[in-house]
Amino acid sequence: MPELPEVETTRRGLAPHIVGRSVQQVIVRERRLRWPVPANLPTRLAGQRLLGIRRRAKYLLIDTARGSVMVHLGMSGSLRVMPAATPPFVHDHVDIVLDNGQCLRYNDPRRFGSFHWVLGDNHDLLRHLGPEPLSDEFTGGALYQRSRGRKIAVKSFLMDGKVVVGVGNIYANEALFMAGIRPDRAAGRISAARYTTLVSSVQAVLAGAIDKGGTTLRDYVGGDGKPGYFAQQLRVYGRDGLLCRQCTTVLKAIRQNNRATVFCPTCQR
DNA sequence: ATGACAACCTGTGGGC
DNA sequence: TGCCCACAGGTTGTCA
């Protein structure tokens, strides 16, 4: 479900409800996520005060004085704050019970998400991540250099977490449309100038989506339980067979690495 | 090193 | 109505 804007929206929604609170207990109903939920997580977390909540790529890091809980929402995960007494619904796998009668509840039908306990952000899953897309390190020049000699399609290149983090299928499609670049063009055959445009497009699309509270296609809700409204702004994703909003050409769908790609054959070259 | 692909899961929607 | 298949917002690991 979530790409970077949805994770960031979740982070912003949760922060006011959990930061400063202490953890009373942790209830793990289902350990079998992408990786098993660490057996010592409840012990590590119980009694700790939550000092802050950060995001790195699509990971959420909830800090305590002893270490941090690292949560990934995978494809279908969500985190919500609710009264701890709320009866658990199907796929409610983890509760972090707070000291005010509320709890932070993790739901994930597909169980592609994960929980880790990390110290000092030293974790293999964080180690090899590329730059944040909304940071100064994400530049056209860097993309251009890194792409030389690569035959991989530019869309796949853009979705490679070692190149830049947080750009998933929806926003890769949208950013390439905005930049006027065909998703199936070889990454190594795109000019420096066009990569500069692409960086701006990625940033504009992600920032715009964060501003709208993310994209709700089916059932995504942020930490405050509200859906996102970016779906109304989508130019190509999910619009194959419909007309390009810019030139009225019929949008074309292809599959790349078994993911849906939609683009305008006229506007994107 | 690179790039294509399978794998991990459940739920939903379309076609028949 | 029911059944089967394709597909869904992600990422890692394997293989050629």
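Source: prediction; values computed, not measured.

Reading the values: rules and limits
Residues numbered from 1 in each chain as written. Chains lettered and ligands numbered in written order. Predicted model: local features only at pLDDT ≥ 70, side-chain atom pairs only at ≥ 80, totals over all residues. Heavy atoms only, no water. Near = heavy atom within 4 Å. Nonpolar A, V, L, I, M, F, W, Y, C, P; charged D, E, K, R; others polar. Axes fitted to C-alpha atoms, helices over the stretch in contact; angles between N-to-C directions. Helix = DSSP H or I, 4+ residues; strand = E, 2+ residues; numbered from the N terminus. Parallel < 35°, antiparallel > 145°, perpendicular 65-115°, else oblique. Left-handed = near helix turned anticlockwise from the far one by under 90°. Contact = heavy atoms within 4.5 Å. Pairing = 2+ DSSP bridges. Expected span 1.5 Å × (residues − 1). Buried < 20%, exposed > 50% of the residue type's maximum accessible area, 1.4 Å probe, protein only. Arc of directions from axis to C-beta.

(A) Just the protein's contact with DNA strand B, in detail. Near DNA strand B the following residues occur: His-91, Pro-109, Arg-110, Arg-111, Phe-112, Arg-150, Lys-151, Ile-152 and Asn-257. Across the atoms of DNA strand B situated within 4 Å of the protein, the share located in sugar and phosphate is 65%. Broken down by class, the residue content of the surface near DNA strand B amounts to 3 nonpolar, 2 polar and 4 charged.

(B) Molecular detail of the packing of helix α6 (residues 169–179) against helix α7 (residues 192–211). Following both chains from N to C, one finds α6 and α7 inclined at 130 degrees, their axes separated by 8 Å at the closest point. The pairing of α6 with α7 is recorded here as oblique in orientation. Seen along the crossing, α6 lies across α7 with a hand that is right-handed. On α7, the residues touching Tyr-171, Glu-174, Ala-175, Leu-176, Met-178 and Ala-179 of α6 are Thr-197, Leu-198, Ser-201, Val-202, Ala-204, Val-205, Leu-206 and Ala-209.

(C) Molecular detail of the sheet that holds strand β7 (residues 102–107). Taken in spatial order, the 4 strands line up as β1-β6-β7-β5 in an open sheet, and their pairing is antiparallel. Strand pairing shows two members of the sheet lacking a second neighbour, β1 (23–28) and β5 (78–83), which therefore form its edges. Averaged over all neighbouring strand pairs, the angle between strand axes comes to 20 degrees, with direction disregarded. By the bridge criterion, 5 bridges tie strand β6 (residues 92–98) to β7 in an arrangement that is antiparallel. Along β7, the bridge assignment pairs Asp-95 with Arg-105.

(D) Main features of α7. The first and last C-alpha atoms of α7 sit 29 Å apart over 20 residues, in line with the 28 Å expected at 1.5 Å per residue. When we look at burial in α7, the residues that qualify are Tyr-195, Leu-198, Val-199, Ser-201, Val-202, Val-205, Leu-206, Ala-209 and Ile-210. Down the axis of α7, the sector holding all buried residues measures 165 degrees, keeping them to one side. Exposed and facing more than 90 degrees away from the buried side of α7 are Ala-193 and Asp-211. Next to the buried residues of α7 lie α1 (4–18), α4 (140–147), α5 (154–158) and α6. One or two steps after α7, the chain reaches Gly-213, where phi turns positive at roughly 80 degrees.

(E) Quick look at the pairing of strand β8 (residues 114–118). β8 sits mainly inside the fold: 5 of its 5 residues count as buried. A two-sided burial pattern is seen for β8, the buried positions comprising Ser-114, His-116 and Val-118 on one face and Phe-115 and Trp-117 on the other. As defined by bridge partners, strand β4 (residues 68–72) adjoins β8 across 5 bridges and the pair is classed as antiparallel. Pairing of His-72 across the sheet is with Ser-114, part of β8.

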